[in-house]
Structure formats: C-alpha cells, structure tokens
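# A structural walkthrough
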Amino acid sequence: MHHIELRHIGFEYAGAERAVVALRDISFGVGESEFVCVVGRSGCGKTTLLNIVAGFLQPTKGEVLIGGKAVTGKGLDRGIVFQDFAQLFPWRTAQRNVEFGLEMKGVTRQERAEVARRFLRLVDLEPFAGAYPHELSGGMQQRVAIARALAYNPSVLLMDEPFAALDALTRDEMQRLLVDVWGETRKTVIYVTHNVAEAVYLADRIVILTPHPGTVRAEIRIPLARPRDVLSVEFLEYQRQLVGHLR
Amino acid sequence: MRRPGAAVLSFVVAGAVWEAFARSGVFSSALTPSLVDIAATLGRLVLSGRIFLHIGYTLWRILIGLGLACLVGIPIGMLMGRFRFVERFVLPLVSVLSPIPSLAWVPVFILWFGLGDAAAMALVFYAATFPVILNTWTGVRSVNRLWLRAARAMGADGRVLFVKVVLPGALPLVIAGFRQAFARSWIAVVGGEMIAATTWGLGFVIFDAKEFLNTDVMLGTLFVIGVLGLGFERLIFQTLERRSVGRWGMVRTAGS
Amino acid sequence: MDTIVVTFARLVARGILPLHALSTILRLIVGFLLGATLGVALGLVMGRFRWAEDLLVPMVSVGNPIPGLAYAPLFVIWFGLGNLPAVLLVGFAAAFPVAVNTWTGVKAVKEIWIRAAQSMGARERQLFRMVVLPGALPWVLTGLRLGLARAWRVLVAVEMLTSVSVGLGWLIFGAREFLATDVMLAGIAVIGLVGLALEKLVFEPLERFTVVRWGMLTG
C-alpha cells in the first residue's frame, strides 16, 4: 500500500468554446518517506496536479488517497511550499510565520515557540527568528516557508517549484539543504519542477508528464546514493535519459 | 462596473428603502420627499433649462480655476523636479499651505475679491494648485534614471531630453495630479458657491433651497452633482489615462 | 505679517484660539470615529460578501465623488443647527473613502496567503482575523487617512454653515463681519497646524509600527 495513491486522475476546465482536458488518467503511487519529482514542461498540468493532491482543486475524474483515505479538501496531513516568495505573511516575523499552523491547532504559546525555533534551526535560520520576511533574502524566505510547512508535522510535503525563482548558486545550496532536511524528517514528498538536474539530484523516483492533455509519459527510478555527485557519469546519464523523455 | 444588473438592483433597493421611509411619515414629506417628487422637481429644473445654467456656471468656475492651476502648477512642479534651489524654496511653502482646507480661505477671499465669481474661482485655483504641483514634482523625480542615461547615450540633451523623455515619463503622475485637482476643485466650488453668496451654480441652488425647505430641489441637485462628478471621473480622466499612459503599460487603468 | 503673529499670540494668550480649536477637534474626533467605524464595517462586509458588494458598491461609488459639504444644508434641515449636523456630516463624509479603500484592501489580499493559511488548517473565522485583516491593513490605513483629511475639510466649512457657537471655522467666518483679517489668518494658521499634526502625530507613527515595519509599504 502506497502512502499517496493517485487513481485515474482527470481534470477538465471550461475553456472559451469547449471544456479543455488538462489532465487525463494519471495514476501513480508514492511510498512512505519517498521523494518523488513530477517533471514536465510548463503547461503540462503539473501544478494543477499538485493542487489536486493539496485539495485546492477537485479532480473531475478519479481520486487521491492519502494513508488509504480519500482526499476531500485541504488538510493538516499535507504541508505546502509554493514558488512565490510572497507566500509568507509580511506582518509576521519568521518565527511567527512558522508558528501559524501550530496556532491553528491550538498549541500553547510556549510550545509553539519551541517547535518554531527547532524548525528554523533545521533550515539554518535560527538567528533570523525575529526578522520580518522583507528583511530576508529570497532563499531565506523559501527556507522559512519550508520550516513553516514542516512545523505542524504533516506526513506529506508538497512543493511547487520552490527554488525556481532563485539564482543558480542559491538554488544548489537550497537543494543540498532540502536533502538534509528530508533525511532528518523522512516526509513523503511530491516535488514539482521543470529543472532536469534538480529532479535527478533530489528524487528517488521521477514521474514525467507530457502536455495536451497532461499524461504520465514515463517513470525513472534514481537509485544513486546521497549526497549525489552532479558531475558523475551516472548522474549525467540519468539527466540524458530524462531529457530524452521530455523531447 | 462588472455587472450592470447588480448596479441596477442596488439602486432599486436603495430607492425602495428611501421610498418606504419617505412615505412612512416618520418625518414630514417636506423633510423627506418621495422619489416621485424629487424626479418631478428635477424634470422641472431640466425643462426650464435653469439647471443647465447652474451647471454651466459651476463648470465655468472650475475650468478657469483648474486651468490657471495647471498653468501655474505644472511649470512650478517641473522646475522643482529639475532645479534643486527651486525645490528648496517652494517645497516648504507648499507643504505648509497644502494641508489647509481650501474652504477655510473663503472668508478671506471674500474680503479680498468680493462676493461672487472671482472668490469662487480663486478658491478652485487654491484647491487645485497644490495637487498639481506636488504630483508633477514627484513625476519628474520618478522618471527612470535608465531612460535618461539611454537617451543621453543616444545624443539627447537639454530641451530634447526634457520634451522627449522627462515629460512623457512624468505623465502618469501629472495626470494623477490633474485628477486629484479636479476632485478637490469639485468640493471647493460647491462650498464656495454656498458661502461666497453667488447667485448661480449648483452649490448656490442647494444653499438657496434651504431657505425655503425645498428638500426635493436639494436632493435633486445632489443627484446631479454626483452624476456629474462620476461622469467626469469615468469619461474624461479614465479615457485620458487609457489613451496615454495606460496604453504604454505604465499604469493599470481602473477596471482592467 | 507681524500683526498676524501678534494677533495669534494675543488670541492664544486669552484662551480664545485654544477654546475654538479644542471644540473643533472634539467634533472632528467624534465625527471621524463614527465615520471610520461605519466605513471599515461597510468595507469589510462589501469585501467579504458577494451580495453586499453587488448591493453597496454602486451606491458608494456614486456617493463618493459628491462633496460632503453639499449635504450640509440638507443635514441642517434634518437635524437642526449646532453640533449634531456638523458631527454627523463629518462622519458621513469620512465614511466613503474609508469604505472604498477597506473594500479594495480586502479584495487585494493575496490569494497565496489565503492558500497557505488554508493549507495550515485555518478556518473561515481565523482566516479573516489572521490573514484578511492584516493583509488589508495598508489599504485601510490609506482610507482612514483620506477619511480624516476629508472630515477635516468638511468640518471647517460646515462650522461656517451650521452656526455652531465655537469652532475654528466659525471664528474665521465671524471675523469677516469685522474685517478682522488678522484673526482670520491666525485661525487659518491653526487649521493648517492641526491638519499637519494629525498627519505627523497619528498616521505616520501608526504606519511605522505596522505596514512599514512589515515591508508592505516603503516609509
């Protein structure tokens, strides 16, 4: 039994003249503590798929199961990180942002602060607990967003191109950090990206989507040990293979 | 408006509430006339043509006051943005005078210019000048440095630079200032016409009607003022903005 | 110039100016609080409920450009002379910009904040209190600021029309009878100072403590 099951997911939306099929018959599973990357060109429906798993959108066909239960809406079993830096609440400090989910759960102030500090430490940002988002760099803001999505202890982490808007050097750093964080928290992750090297660096398994309508083209397992050497022959070979599928 | 049907419904509901209130007899009908009475009065004013004379006088005062304000305000704002010493000299004056409500000056202007047209126009001028100056100044300062450098690199200088780069670059804020100035003039002219005892103008109509408890005339005129204000805002300023800076993608026009 | 200064000093020393200023400011505070409460409430309701938006926005957008002062004679007929019509008119005039800006602010709250909060389990009420309200705050503050400026302008003029017994507007208007230009200009100076003080002492600190600190507005 997989931790997350996508069963024959289809999604249509009303276009200008007729209904447009954005996703057709998408099925795959994600194991407990597995890191799955969904890769595809822009417009292939990968963000739509993530929004369906997150519960922001209802699929027109099929269903999503998490821990054997059908997803009917948003829930605290999933943490989400978006691409947009603006996802943090500007009126709250980094720590208070991380506390938000715990506040919704009714956790006491002291415990909230402790947990928030712990997760900020996890992303190397403890010294910036009191800073407001606009005082932090883009990479730091995304780290706060990751800490925020983890702090209320969801079993699943959904990530929608969280590093796409960062410069290349920062992005490499963030990927290393994410691997460490994942190693420590052992969450089940679905990570959406269009960056081939990023997917090969992060994923246990890669699901490749092709557009019009979005369907699963192939799956690639990446059995390389972490931390991965991005210049190794195997790494480049997997990249080549992935690019081949995307053509 | 996104949904015209909803807007119509809105006014129907508001009208019905007013009508129920007016006919309930809580206040006498002299105080809260029914919509029928108001419409009839408005119709009478329109048919006799008097309302157009009043509107004409009011708009004439705005035209003169606002025109003078632009004639004086835009050059001053430009000079302030261009030359440091002008800015240093004018800015303190403007910041002290601009927050004073224009209507506070009415009694003084009456003393200086006498009752009537001149005082009302002076009032409009006073109300409109500061937004024009401040916005033009900000507009010139906010012209993108890169445009200036690019134009200089291509050989533009002095007058050419000013006319071809600074002026259009400052335009969004100049138009915004013009818009603000109009809104302020509108307030000033109505107030001025009430207090400065002119014999024509929409403000005068309302004020005069008070003497005879003609609430229907007052409400009808208020309606005209509202429609004119909204009409100017929508027709003139939004079109102006769409045609120029909106088309250049420099501001998002309202409603888009 | 020196006569104005001398008159100003004389009026302050005799307690005449402070008395007039105080009563005007009291009216302003009561009227503005009334209008601000009404405006924020209207704006929030319009931003939150579709039916309220459909019903109220057209009315507010027609009412907004009508100068508050134009209602003055009507208010005098309805509520008599003196304090009551002045305070009510000030509140009425101030409510419009507050309502329009609050509404815009609620509509401008970023979708991504709502999504993030929802994914962390925020319910409707919490969402409103913890995301929509702070998210709309920059706009609400702008509205309050415009509302106060409008209230101040209307009040000065309305004091000339509703024959209140003390007040800055009345002081200036009354001085005209005696051609006392110095008194009038002294009164105007006080009006300018009060307006400036409201801006510097109330709104700038308020903004510094909230939206500027949050980086939602550059100070």
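Above this text is the structure in question.
Residues numbered from 1 in each chain as written. Chains lettered and ligands numbered in written order. Predicted model: local features only at pLDDT ≥ 70, side-chain atom pairs only at ≥ 80, totals over all residues. Heavy atoms only, no water.

### Considerations on the packing of helix H2 (residues 35-48) of chain B against helix H3 (residues 50-82) of chain B
Residues and elements named next belong to chain B. The N-to-C vectors of H2 and H3 enclose an angle of 80°; their axes lie 4 Å apart at closest approach. Here H3 runs roughly perpendicular to H2, going by the angle between their axes. Listed contacts from H3 to Leu 45, Val 46 and Ser 48 of H2 are Arg 50, Ile 51 and Phe 52. A class-by-class count of the residues in the contact of H2 with H3 yields four nonpolar, one polar and one charged. (Axes fitted to C-alpha atoms, helices over the stretch in contact; angles between N-to-C directions. Helix = DSSP H or I, 4+ residues; strand = E, 2+ residues; numbered from the N terminus. Parallel < 35°, antiparallel > 145°, perpendicular 65-115°, else oblique. Contact = heavy atoms within 4.5 Å. Nonpolar A, V, L, I, M, F, W, Y, C, P; charged D, E, K, R; others polar.)

### Some words on the sheet that holds strand S4 (residues 61-66) of chain A
Residue and element names in this part refer to chain A. Spatially, S2-S1-S4-S5 is the arrangement adopted by the four strands of the open sheet, whose pairing is antiparallel. If you trace the sheet from one side to the other, it starts and ends with strand S2 (19-30) and strand S5 (69-70), each paired once. With two bridges connecting them, S4 and S5 associate as antiparallel partners. If you follow Ile 66 over to S5, its bridge partner there is Lys 69. Here helix H1 (residues 46-54) sits on the sheet in contact with strand S1 (4-14), S2 and S4, set at roughly 115° to S1. (Pairing = 2+ DSSP bridges.)

### With respect to the interface of chain C and chain B
With 36 residues of chain C in contact, the opposing surface of chain B contributes 45 residues. When chain C packs against chain B, the two sides together hide about 3900 Å² of surface, and 82% of this comes from carbon and sulfur. If you sort the residues of chain C by the area they bury against chain B, Ile 77, Trp 78 and Arg 153 of chain C come out on top, with a joint share of 16%. Between the two partners, chain C and chain B, sit zero salt bridges. At the level of elements, helix H3 (50-63), helix H4 (72-79), helix H7 (124-161), helix H8 (168-177) and helix H9 (181-212) of chain C are the ones that each hand at least two residues to the side of chain C that touches chain B. With eight residues, H3 of chain C is the largest single contributor of residues to the side of chain C that touches chain B. For the side of chain C that touches chain B, the class distribution of residues is 28 nonpolar, three polar and five charged. (Buried area = accessible area lost by both parts, 1.4 Å probe. Salt bridge = Lys/Arg side-chain N within 4 Å of Asp/Glu carboxyl O.)

### Comments concerning the sheet that holds strand S9 (residues 205-210) of chain A
All names here are of chain A. What the six strands build is an open sheet, ordered S6-S7-S8-S3-S9-S10; its pairing is mixed. Taken across any chain shown, the strands that pair with only one partner, and hence form the sheet edges, are strand S6 (78-81) and strand S10 (215-221). Sheet twist, expressed as the average angle between the axes of neighbouring strands with direction ignored, equals 20°. H1 rests against strand S3 (35-39), S6, strand S7 (156-160), strand S8 (188-193) and S9 of the sheet, and its axis sits at about 150° to S7.

### Focus: the pattern of salt bridges
Residues and elements named next belong to chain A. Considering all chains together, one arrives at 21 salt bridges over all chains under this definition. A salt bridge links Asp 204 to Arg 226, with the shortest nitrogen-to-oxygen separation between them at 3.0 Å. Of the two residues, Asp 204 sits in the loop between helix H6 (196-202) and S9 while Arg 226 sits in the loop between S10 and helix H7 (233-246), which places them 22 residues apart along the sequence. Accessibility expressed as a relative area gives 17% for Asp 204, which makes it buried. Looking at Arg 226, the relative accessible area reads 27%, which means it is partly exposed. (Buried < 20%, exposed > 50% of the residue type's maximum accessible area, 1.4 Å probe, protein only.)

### Description of the layout of surface pockets
With a probe scaled to a water molecule rolled over the atoms, the places where space remains empty come into view. Reported here for the second largest pocket is a volume of approximately 1500 Å³. Taken together, 35 residues form the lining of the second largest pocket, with Ala 14 and Trp 18 of chain B together with Met 59, Tyr 71 and Phe 92 of chain C sitting closest to its centre. Listed by contribution, the elements that provide at least two residues to the lining of the second largest pocket are helix H1 (4-24), H2 and helix H10 (215-246) of chain B together with helix H2 (16-48), H3, H4 and helix H5 (83-108) of chain C. When the residues that make up the lining of the second largest pocket are grouped by side-chain class, the tally is 30 nonpolar, five polar and no charged. (1 Å grid on protein atoms, 1.4 Å probe; cavity = no way out; pocket = protein on both sides within 12 Å on 5 of 7 lines; lining within 4 Å. Points joined across faces, edges and corners; volume = space filled by probe spheres on them.)

### Quick notes on the interface of chain C and chain A
Facing the 21 residues of chain C at the interface are 24 residues of chain A. Summed over both partners, the interface of chain C with chain A buries about 2100 Å², with 70% contributed by carbon and sulfur atoms. Counting across the interface, chain C meets chain A through zero salt bridges. Here chain C is connected to chain A by five residue pairs in polar contact (both at pLDDT 80 or more). Of all elements in the fold, only helix H6 (111-119) and H7 of chain C reach the threshold of two or more residues within the side of chain C that touches chain A. The greatest single-element share of the side of chain C that touches chain A, amounting to seven residues, is contributed by H6 of chain C. (Polar contact = N/O pair within 3.5 Å; in protein donor to acceptor, adjacent residues only side chain to side chain.)

### Section: the pairing of S7 of chain A
Residue and element names in this part refer to chain A. In terms of burial, S7 is a largely internal element, five of the five residues being buried. With four bridges connecting them, S6 and S7 associate as parallel partners. Directly across from Arg 78, in S7, lies its bridge partner Val 156. Relative to S8, S7 is paired through five bridges, and the arrangement is parallel. Paired with Met 159 across the bridge in S8 is Tyr 191.

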